[in-house]
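Structure assessment
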Amino acid sequence: MEISRGEIRRYLGYGKNEGDEAVNNLIEECIGELVAAASPKSISRVYPLKLLSDDWINFTVFKTRSRNLSRNLQDCEQVILFAATLGAGVDVLLHKYTKLQMSKAVTMQAAATAMIEEYCDEENRKLKEEYEDRELYLRPRFSPGYGDFPLECQKDITTVLETPKRIGIMLTDSLLMTPSKSVTAVMGISGKPYRCEIKGCESCGKADCAYRRD
Ligand code: SF4
C-alpha cells in the first residue's frame, strides 16, 4: 500500500509544503511502524436500493433519511455496504506514543488516518474494476456522519455486515468505532456509465455533476 506522504503532511497542517527533514524522517518512521502493526481487513455486501419520497432511502436492510445521500445515489439500483479497519495493533501503537512522545503520537495519528483512507481507496478501486467489467458503475463511498447522512447508521452497517465477528469492528454507545482507524460507508451501483473519482467528489473535476455530494 502506497501511503501518501503529502496527505500526512496535510493532516499535520503543512498544507502543500514539503516539510523539513526532521518531520519527513518522523513520518517515515511512523509509516514503518504502522505497516508492521496494521492488519487491514474489509467486508462488503450488496443490497437492492430504493429512493423514496422526502429523501428517505431504503437500503433493504435499513432505512434512513438524507438529502445529500439521496442526491448522490440517484440512478442507482443497488448499494454496497462497506466497512474497513486497520486493526487493534494500530491503536496499541497510538496509545503507546500518546504516553511516550506526543510529537510522534500526532504524526502517527496523521499517518494512520492517511493509511486507512488509502486502504479504503484500494479496496474500493478493486470493487470498481470488478463492477465495471459487468458494465456497472460505482459512486464514491459515502460515510455516516458526512453531510446529513446520520452517524447512527454506523449501527445498521456494522450490524448488517456483522463487523464484530468478521473484521473486529465494534461500536461504543457513543457511536465511536474500535479499532479507532475504521470506516463504514455506502457506495451506490448504477447502470449508467458515469465514472466517479475513487477519492470522492471533492477531488473530482465534474463540477456540474447531478450526483455530486455537497
Ligand atoms: S462529482 Fe465526480 S465523484 Fe462525485 S458523483 Fe459526480 S462524477 Fe462521481
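Bear in mind the structure is a predicted one, so any value in this text is a computation, not a measurement.

Thresholds applied
Residues numbered from 1 in each chain as written. Predicted model: local features only at pLDDT ≥ 70, side-chain atom pairs only at ≥ 80, totals over all residues. Heavy atoms only, no water. Near = heavy atom within 4 Å. 1 Å grid on protein atoms, 1.4 Å probe; cavity = no way out; pocket = protein on both sides within 12 Å on 5 of 7 lines; lining within 4 Å. Sits in = over half its atoms within 2 Å of the grid points. Nonpolar A, V, L, I, M, F, W, Y, C, P; charged D, E, K, R; others polar. Phe/Tyr/Trp six-rings, centres within 6.5 Å; stacked < 30°, edge-to-face > 60°. Buried < 20%, exposed > 50% of the residue type's maximum accessible area, 1.4 Å probe, protein only. Core = buried A, V, L, I, M, F, W, Y, C linked by side-chain atoms within 4.5 Å. Helix = DSSP H or I, 4+ residues; strand = E, 2+ residues; numbered from the N terminus. Contact = heavy atoms within 4.5 Å.

1. With respect to the site of the ligand
Surveying the vicinity of the ligand reveals the residues Asn72, Pro140, Tyr194, Cys196, Glu197, Cys201, Cys204, Lys206, Cys209, Tyr211 and Arg212. Because more than half of its atoms lie within 2 Å of the grid, the ligand is assigned to the largest cavity. Per-class residue counts for the shell around the ligand are 7 nonpolar, 1 polar and 3 charged.

2. Re the packing of aromatic side chains
For the coordinates displayed, the defined rule picks out 4 aromatic pairs. Their ring planes at 25° and their centres at 4.7 Å tell us that phenylalanine 59 and phenylalanine 62 sit as a pair that is stacked. The two residues phenylalanine 59 and phenylalanine 62 agree in class, both being buried. Between phenylalanine 142 and tyrosine 146, the ring centres sit 5.1 Å apart and the planes meet at 85°, which makes this aromatic pair edge-to-face. We classify phenylalanine 142 as buried; its relative accessible area is 0%.

3. Here we look at the nonpolar core
Counting residues in hydrophobic clusters, the biggest one holds 34 residues, and the most contacted among them are Ile8, Leu34, Ile80 and Phe82. At the level of elements, α2 (21–37), β5 (76–85), α4 (88–100), α5 (102–133) and β9 (182–190) are the ones that each hand at least two residues to this core. Among the elements that make up this core, the one with the highest residue count is α5 (12 residues). Among residues more than four places away in sequence, those in contact with isoleucine 80 are Ser44, Arg45, Val46, Leu127, Tyr131, Leu138, Ala185, Val186, Met187 and Ile189. Ile43, Leu49, Ile157 and Leu161 belong to the second largest nonpolar core, which has 22 residues in total.

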